[in-house]
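In case you want the letters, here they are:
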Amino acid sequence: MPTRRISGARNVVGDVLVLVGTTKGAFVFTSDASRKRWRVDGPHFPGEAVYSLAFDQRAGRTRLLAGVHSNHWGATIRTSDDFGRTWSEPERQAVRFPESSGLSLAQVWQIVPGRPEEPNVVWCGVEPAALFRSDDAGVSWAPVDGLLEHEHRPKWMPGGGGLCLHTIVLDPANPDRMGIAISTAGFYRTDDGGKSWRARNSGVRAVFLPDKHPEFGQCVHKVTHHPARPERLFLQNHWGLYRSDDWGDSWQDIANGVPSDFGFPIQSHPHEPDTVYAIPLQSDEFRVVPEAKLRVYRTRDAGASWAPLTDGLPQSRAFESVLRDGLAVDSHEPAGVYFGTRSGKLYASSTDGEQWKAIAESLPSICCVKTAVVGPA
Amino acid sequence: MGISVVLPRALVPYARGVGTLQIDAPCPTVRDALAATAARWPAVIDRVLTEQGALRRHVNVFVGDESIAFLDGLDTRVDEGATITIVPAVSGG
């Protein structure tokens, strides 16, 4: 790995960023590629909740984006081009619903840079459930009308976290196709660049509804896929682990060997399309890890089997919980895997999840964990 | 004579460092006063009202010593010379 300093920052190519959003601010953890020692900056936005973070290094940028929520003054997206030393302070609320919608922004739940071929496009998912697009790398935003005006909207119901659009998956090969997930509405896909959206939940249960298999209304918690095989999706549901091999047209149960199929986060491995990580929880009524053992589960065969990863994680009296965006995987080899708990502990593995170490133990409650390797995208 | 709008510390930077704003336009109600404020200091009012014009949930507004929550909300009458004070609610976690 060549050593090259990124302009205006002390980071070099190959460094790993772990971006941690909490209920009381954001923290930026940085390490070199060995991922043995970490330095931490923060809190950024002290006192404000950060449910979404992203790092965009397309088109020569090194831009952090943060969805920041003040309990008093509302939500906004702020950006930093110097790894968090300074942040934009937008005068106006950039993510805003049109007056005709009758909706008001509550929270920014997800920020996703667009495809490499569209280096200025950034997407964000918000509460109340809507998708916004930026064409200037996150400065100004416009709602995606096809979803904002969707005929199902009046029947979407908020989950415990509110009616949030929390997941955005892009098709790297087809610029007109992308998927989103909403709690509680389910998984939707567009094949025409966002003009129209169809619910894609066939096979996904809604255990909390009289009709267990509705067209929409499922409480999808998170969806992931590997760019090399984008049609193969993995979905953590409010009860249920699923895989689709046809971009969501149909789903199959893959809860084979997990102690519970309830949970929130699910993340793909960067180099192995059939390797996925999940962190099951006991149940919807008792949202802690099963048997109070903190275990990350990994499948290496697309869900045919799952095995626990426990080395370095507490295996007794660990009443921990991890939220839907609390798990992230970097692109090094072996991959770094990171997760943060609601009790403020941040765990890291630099060995594909084989061994773990706590790199922070007293953060505020962790809402999201994102990671990126600094360098050519 | 107009009216005065007193900002909390967090919003002063959005009014270019001014903590008490003077509004000279006629403002029969709090809604009118906030609209007049928005015309000159839109960043302040973005943080007080939602994009639908509703008062944010954890923001309190007083006319004199009275909270508009116990009067007529944004339709509360504002007399010439009144002071409107914007205060973050005592909330958090």
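Scroll up to find the structure.
As a starting point, this report considers the structure included with it. (Residues numbered from 1 in each chain as written. Chains lettered and ligands numbered in written order. Predicted model: local features only at pLDDT ≥ 70, side-chain atom pairs only at ≥ 80, totals over all residues.)

Considering the interface of chain B and chain A
- Listed by partner, the interface residues are 17 residues for chain B and 13 residues for chain A.
- The element contributing the most residues to the side of chain B that touches chain A is helix H2 (residues 42–46) of chain B, with 3 residues.
- Of the residues in the side of chain B that touches chain A, the class split is 8 nonpolar, 5 polar and 4 charged. (Contact = placed C-beta atoms within 7 Å. Helix = DSSP H or I, 4+ residues; strand = E, 2+ residues; numbered from the N terminus. Nonpolar A, V, L, I, M, F, W, Y, C, P; charged D, E, K, R; others polar.)

What about unusual backbone geometry?
- Residue Pro43(A) is bonded to the preceding Gly42(A) through a cis peptide linkage, with omega at 5°.
- For Pro43(A), the position within the fold is in strand S3 (residues 39–44).
- Looking along the chain, the bond that leaves Glu127(A) and enters Pro128(A) is cis, with omega of 0°.
- By the element assignment, Pro128(A) lies in the loop between strand S8 (122–127) and strand S9 (130–134).
- Despite not being glycine, Glu291(A) shows a phi value in the positive range, around 60°.
- Among the secondary structure elements, Glu291(A) is positioned in the loop between strand S20 (276–281) and strand S21 (296–299).
- Positioned with a positive phi, Arg16(B) is a non-glycine residue whose angle comes to about 55°.
- By C-beta crowding, Arg16(B) is classed as exposed, having 8 other C-beta atoms within 10 Å. (Buried ≥ 20, exposed ≤ 12 C-beta atoms within 10 Å, placed from the backbone.)

Regarding the sheet that holds strand S5 (residues 63–70) of chain A
Residues and elements named next belong to chain A.
- Taken in spatial order, the 3 strands of this open sheet run S4-S5-S6, and their pairing is antiparallel. Here the strands that pair on one side only, and so sit at the sheet edges, are strand S4 (49–56) and strand S6 (74–80). Between one strand axis and the next, the sheet turns by 15° as a mean value, whatever way the strands run.
- Sheet topology note: the S5/S6 ladder contains 7 bridges and is antiparallel. Each bridged residue has a counterpart across the sheet, and for His-69 the counterpart in S6 is Ala-75. (Pairing = 2+ DSSP bridges. Axes fitted to C-alpha atoms, helices over the stretch in contact; angles between N-to-C directions.)

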